[in-house]
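Summary of the model geometry
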Amino acid sequence: MRTLGLEARVGLTQGRERSNENRRRQLRRRKAGVAFTMAGTKALLTLENFINGKFVPCNSCLDSYDPSTGEVYCRVPNSGKEEIEAAVEAARAAFPSWSARSPQERSQVLHRLADLLEQSLEELAQAESRDQGKTITLARTMDIPRSVQNFRFFASSILHHTSECTHMDHLGCLHYTVRAPVGIAGLISPWNLPLYLLTWKVAPAIAAGNTVIAKPSELTSVTAWMMCKLLEKAGVPPGVVNIVFGTGPRVGEALVSHPEVPLISFTGSQPTAERITQLSAPHCKKLSLELGGKNPAIIFEDANLEECIPTTVRSSFANQGEICLCTSRIFVQKSIYSEFLEKFVQATRMWKVGIPSDPSASMGALISKAHLEKVRSYIKRARSEGARILCGEGVDTLSLPSRNRAGYFMLPTVITDIKDESCCMKEEIFGPVTCVVPFESEEEVIQRANSVKYGLAATVWSSNVGRIHRVAKKLRSGLVWTNCWLIRELNLPFGGMKSSGVGREGAKDSYEFFTEVKTITIKH
Ligand SMILES: NC(=O)C1=CN([C@@H]2O[C@H](COP(=O)(O)OP(=O)(O)OC[C@H]3O[C@@H](n4cnc5c(N)ncnc54)[C@H](O)[C@@H]3O)[C@@H](O)[C@H]2O)C=CC1
Ligand SMILES: N/C(=C\C=C\C(=O)O)C(=O)O
């Protein structure tokens, strides 16, 4: 079996620009006292675009950093319009035959791809952990298994969709619907769950018969590139899946504004979603926008704290808090507030920050230096507003091996004594920071939970089943977990309301998004 080893495709870049850049970098390292041998010029992993079933080098590249060391370790294509044009040509050419295949034939290809991804699980998990900064354990147990499941799930669901039919016997008419693939699907995915969210878009798109042009985040491009090496063996024809790497403004916007790409599925930030909406508007493109959240956990006095506290620590800090579904506001009924706070802080301090390769670590490094500084700025702001930082940033000490001191690490941080009007209670921080505040009544907490512009996810903790149903129905969010978190039912709609996005993803929802429906009337 062909290995997926990253070293197998180590590319040493040779250009004049690289040698000058290497010299500059070695000089910086020497000044930083880092031993660096001239002969041992660090071999950088160099990715290539995947267009029309082939790897295509790009004449301009971006540095990609290992979040656990802060060092460049990979070069990512800095693609532009030219590469998008080539991908559109390939996707256009592949569409007729791929869309003409039966759902059964396409399903078999997706199952083979799932099998190949599963066989490479460890290599993919190692790569994802190094690229994104997440722990190897999370990559092994969540990211890559869900990527495999995404293909398996849509390989099955594509076989079970039904159409609609009505009769007008008095007019001798029969009406029925048919669905057909849209064409070339533009897919833009974020850096927090790289392969997990890329495959959550690729799988339903190609299952429905579309061809795709995908642009992963430039911060985390490696596992998408590794998946490309499996496509031919899985039986994915050239041009069906094209992956073009690069930045949002340069290559992302070229994809979004291309007239032959009638559909964009995007996951990421609200500001970028606004930009995508503007650029796609002239072409009336179909948009699916899965954005961020400011997700509340509501903990009533009759909650089972033995279950609630570990789950709420996980929902606050999993993946360094870099999941759109993470909890970042915790409302605790006043009668149990002190008890909860003491136990929650104690449990948070047990949430181990470590180097991503440490299997016992609960949390790794944040995605980038800029993101780390952005997250830290919220804590500074909270402190300036008079809030209390109970643990984490600025309270506890973080100890790391010397080679990781420049990594983007911080401790899980709990803030209290903070006002609802604070930016820490209103804005998506997207890091390991959560705020804990008390509430008195059910009516009060529902109003406060709903008072932000986001409406993605919520958790409700109570042993009163009537209250659970009542509160869940009143929360303005697309997802409500009660007495649990992140138990995912892929069959049902996934997505947010308000500023958390437009549209839903799931078995039926993704199928309807990636197809166009037609109503046919037969007069007999
Ligand atoms: N899943 C989520 O809800 C996510 C939310 N975020 C939020 O967004 C903030 C910024 O993170 P970013 O990585 O900058 O998110 P982003 O929304 O800018 O990036 C997400 C994807 O969109 C692409 N993109 C960026 N600008 C684009 C443009 N003008 N046209 C087309 N594509 C574009 C990026 O290259 C990436 O592939 C985070 O701090 C977090 O608050 C970020 C990632 C995931
Ligand atoms: N969209 C995100 C997570 C989706 C999770 C799922 O589909 O299970 C995100 O974190 O951005």
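Calculation rules
Residues numbered from 1 in each chain as written. Chains lettered and ligands numbered in written order. Predicted model: local features only at pLDDT ≥ 70, side-chain atom pairs only at ≥ 80, totals over all residues. Heavy atoms only, no water. UniProt positions renumbered as here; feature names shortened; annotations may be inferred. Helix = DSSP H or I, 4+ residues; strand = E, 2+ residues; numbered from the N terminus. Near = heavy atom within 4 Å. Polar contact = N/O pair within 3.5 Å; in protein donor to acceptor, adjacent residues only side chain to side chain. Areas by Shrake-Rupley, 256 points an atom, 1.4 Å probe, with all protein chains shown as cover. 1 Å grid on protein atoms, 1.4 Å probe; cavity = no way out; pocket = protein on both sides within 12 Å on 5 of 7 lines; lining within 4 Å. Sits in = over half its atoms within 2 Å of the grid points. Buried < 20%, exposed > 50% of the residue type's maximum accessible area, 1.4 Å probe, protein only. Axes fitted to C-alpha atoms, helices over the stretch in contact; angles between N-to-C directions. Parallel < 35°, antiparallel > 145°, perpendicular 65-115°, else oblique. Left-handed = near helix turned anticlockwise from the far one by under 90°. Contact = heavy atoms within 4.5 Å. Nonpolar A, V, L, I, M, F, W, Y, C, P; charged D, E, K, R; others polar. Points joined across faces, edges and corners; volume = space filled by probe spheres on them. Core = buried A, V, L, I, M, F, W, Y, C linked by side-chain atoms within 4.5 Å. Pairing = 2+ DSSP bridges.

Listed under "domain: Aldehyde dehydrogenase" (unreviewed entry) in the UniProt record, and renumbered for this structure, are residues 61-520. Between the end C-alpha atoms of residues 61-520 there is a gap of 50 Å, over a span that is 40% helix and 21% strand.

Turning to the site of ligand 1, a few remarks are in order. What surrounds ligand 1 is a group of 26 residues, the closest being W191, K215, E218, S269 and K374. Between K215 and ligand 1, the recorded distance is 2.8 Å, taken from a side-chain N or O atom to an oxygen atom. The protein chains hide 87% of the 800 Å² of surface that ligand 1 would expose on its own. Using a 2 Å cut-off from the grid points, one finds that ligand 1 occupies the largest pocket. At the level of elements, α8 (248-256), β11 (263-267), α9 (270-280) and α12 (369-384) are the ones that each hand at least two residues to the shell around ligand 1.

With that settled, the discussion passes to unusual backbone geometry. The phi dihedral of C284 is positive, around 50°, even though this residue is not glycine. Relative to the helices and strands, C284 is located in the loop between α9 and β12 (286-290). With a relative accessible area of 72%, C284 lands in the exposed category. For N483, which is not a glycine, the phi torsion comes out positive at approximately 55°. Within the secondary structure, N483 is located in the loop between β20 (479-482) and β21 (497-498).

With that settled, the discussion passes to the packing of helix α3 (residues 103-119) against helix α6 (residues 194-207). Contact geometry of α3 with α6 gives a least axis separation of 10 Å together with a crossing angle of 160°. In terms of their interaxial angle, α3 and α6 are classed as roughly antiparallel. Crossing geometry of α3 relative to α6 is assigned as right-handed. Two secondary-structure elements touch here, α3 through R106, L110 and L117 and α6 through L195, A203, I206 and A207. Tallied by class, residues from the contact of α3 with α6 come to six nonpolar, no polar and one charged.

Let us look at empty space enclosed by the protein. Tallied over the full model, the rule gives seven cavities of 30 Å³ or more. In this structure, the largest cavity encloses a volume near 140 Å³. As for the largest cavity, its lining consists of 16 residues, and the residues nearest its centre are L193, Y196, L197, L325 and F494. No other element matches α6, which puts three residues into the lining of the largest cavity. Its residues assigned to classes, the lining of the largest cavity shows ten nonpolar, two polar and four charged. Reported here for the second largest cavity is a volume of approximately 90 Å³. G321, I323, C326, S328 and F430 are, among the 14 residues lining the second largest cavity, the residues nearest its centre. Residues that form the lining of the second largest cavity fall into these classes: six nonpolar, six polar and two charged.

As a further point, take the nonpolar core. As a rule of thumb, soluble globular proteins bury nonpolar side chains together. The biggest cluster of nonpolar side chains holds 81 residues, and the ones touching the most others in it are L117, F151, I206, V222, V241, I243 and L325. Not counting residues up to four positions away in its chain, the partners in contact with V241 are F50, V202, I206, V212, L231 and V236. By size, the runner-up hydrophobic cluster in this structure holds 31 residues, among which are L366, A387, A449 and A458.

Moving on: the site of ligand 2. The environment of ligand 2 is made up of R146, N192, L193, Y196, L197, W200, T267, I323, C324, L325, R488 and F494. The side chain of Y196 places a nitrogen or oxygen atom 2.7 Å from an oxygen atom of ligand 2. In the model, an oxygen atom of ligand 2 is placed 2.6 Å from a nitrogen or oxygen of the R488 side chain. Coverage of ligand 2 by the protein amounts to 97% of the 320 Å² it exposes when considered alone. Here ligand 2 is seated within the largest cavity.

Further remarks concern the environment of K286. By secondary structure assignment, the location of K286 is in strand β12. Once the C-alpha coordinates of K286 and V182 are considered, the two residues, 104 residues apart in sequence, prove to be 9.4 Å apart. In contact with K286, not counting residues within four places along its chain, are P262, L263, I264, E512, F513, T515 and E516. A polar atom in the side chain of K286 sits 2.8 Å from the backbone oxygen of F513.

Turning next to the sheet that holds strand β1 (residues 45-46). An order of β1-β5-β4 is seen for the three strands of this open sheet, with the pairing classed as mixed. Each of the sheet's edge strands pairs with one partner strand only, and the pair in question is β1 and β4 (61-66). Bridge count between β1 and strand β5 (residues 71-77): two bridges; the pairing is parallel. The residue bridging T46 from the neighbouring strand is R75, located in β5.

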